[in-house]
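Single-letter residue listing:
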Amino acid sequence: MGWQDYLDTNQTRFEQELLDFVAIPSVSAKPDHMPDVERAAQWVAARLDKAGIENTAVLPTTGHPAVYGDWLHAGADKPTVLIYGHFDVQPAEPFDLWLSPPFQPEIRDGRVWGRGASDDKGGMFIPILATEALLATTGRLPVNVKFLFEGQEEIGSPDMPPFIAAQARRLSCDMIFSADGLQWTADEAQLVMGLKGLVGVELIVEGAQADQHSGLHGGGINNPLMALSQILASMKDAQTGRITIDGFYDDVVELTVEDKEDIARVPFDEAEYCAELGVTEAFGEEGYTVRERLWARPTLELNGLTGGYQGAGSKTVLPARASAKITCRLVANQRPERIAELIAAHVAAHTPPGVTARIEHLAGDADPFLVPRGHNATQAAGEVLREVYGADPYVTRVGGSIPIMTLFLRALGVHGVMFGFSIADENLHAPNEFFRLENFRRGQTAYCRLLERLGR
Ligand SMILES: [Zn+2]
């Protein structure tokens, strides 16, 4: 029997097993679900064993555990592939909006309904089943495979940076595939080439030592709220949308003609986009399409402003202090620390007389991520997606960050490839999460083909 037949023959069992897996309420955010996260880890380790994966272990971190397993008998001339996913899930509240209970999953309309069915239990189960099918029918895997599954992705993987650094030898590999990922639509594939980074600062402007009466001191001293507005306004050109902080764009990798063609090929209706958001028109950096700006250009956004009187009616206060929260989405090869420094230098150079201004660098830095063109694992993934979807995948980017990808790049020196089969409409963090069984099955074929292709 070939692996395709094996997958077909065993699909009903796989679906039942997925229901068992989803039934474990491994909510990483909630302390009272700690034992369930542990139980999910044990389930995954046992399932890897059953698939024929070796050296399986539940590995402790300072928080929720991770699960490791490998099969390393393909030979030294074959690549070693690390496959990643997560077995923790989002909280399921509000429970009353679920049509069937989140942790009593069921199959309806060709879909598995339950918390984590799509993100990421269905997704991370797929490559396990692919290796089971290959091992059961051929007795071996075409490449060396390592699995790493974590139990804290949904809370931002707080313990993973030190864990992965400490486990770098065990996790060393030539390629990484993340089974926690999306395809473009239920029938159209995508290859994610870039993710944005992030840096956040708070800008604090101070004047008099306490709030003052504007009739007594207005005109006598500067107003921190006005000064803050002036500094902020100096950061971006109101007409062109260009960020005017010196050096801000210096490290940006410009889009090539090829990059622009890839982005233009992805369907996008600007009028529909504006109508959906309820805005009169799109706005952003001149010289780039909306999609280019969303995916491949850095941004600077104000997220919050405080200062002065916010209550009903008016109050003739001359505030002592004003502040703003600012975040920038970054693109390769900008660095969060550098951008925070540039903002601080800009503020120092644009602070009006009579007030002081300072920048506090907030937590949450993320590096941008860009897969180099011609990257071997990405090309292989693209070819497999073309085979299983019958069309070229869209070449896309993401405006947000996925910390594990930058973590792998930093700690292991490998660009990961998103190779997951969920769809954005599957209510990933909402009530009535579901996973399409056709993509559960298609993903298994895709992983078998991927491992075979990498072994050639
Ligand atoms: Zn996920």
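Scope of this entry: the structure provided in the associated data block. (Residues numbered from 1 in each chain as written. Predicted model: local features only at pLDDT ≥ 70, side-chain atom pairs only at ≥ 80, totals over all residues. Heavy atoms only, no water.)

**Quick word on the coordination of the zinc ion**
Donor atoms from the polypeptide that bind the zinc ion are His-86 (NE2), Asp-119 (OD), Asp-180 (OD) and Asp-180 (OD), placed at 1.9 to 2.6 Å. Expressed as a motif, the donor residue spacing for the zinc ion is H-x32-D-x60-D. Pair noted here: Asp-119 is in helix 3 (residues 117-138) and Asp-180 is in the loop between strand 7 (175-178) and strand 8 (182-183), with a separation of 61 residues, a long-range link. For Asp-119, a relative accessible area of 7% puts it in the buried group. Looking at Asp-180, the relative accessible area reads 17%, which means it is buried. (Donors = N, O, S within 2.8 Å, 3.2 Å for Na, K, Ca; no water. Helix = DSSP H or I, 4+ residues; strand = E, 2+ residues; numbered from the N terminus. Buried < 20%, exposed > 50% of the residue type's maximum accessible area, 1.4 Å probe, protein only.)

**A few points about the packing of aromatic side chains**
Counting across every chain of the model gives 16 aromatic pairs. Plain terms: the ring middles of Phe-248 and Tyr-249 are 5.3 Å apart, the flat faces sit at 80 degrees to each other, and that makes the pair edge-to-face. The exposure class of Phe-248 is buried, given its relative accessible area of 1%. An angle of 85 degrees between the planes, with centres 5.3 Å apart, marks the rings of Phe-419 and Phe-421 as edge-to-face. Taken individually, Phe-419 and Phe-421 each receive the classification buried, so the pair is uniform in this respect. Taken together, the aromatic side chains of Phe-21, Trp-43, Phe-125, Phe-435 and Phe-440 make up a single cluster linked through ring pairs. Above the plane of the ring of Trp-113 lies Arg-108, whose end atom (NZ or CZ) is 4.6 Å from the centre. Positioned above the aromatic ring of Tyr-249, the side-chain terminus of Arg-242 is 4.0 Å from the ring centre. (Phe/Tyr/Trp six-rings, centres within 6.5 Å; stacked < 30°, edge-to-face > 60°. Lys NZ or Arg CZ within 6 Å of the ring centre and 35° of its normal.)

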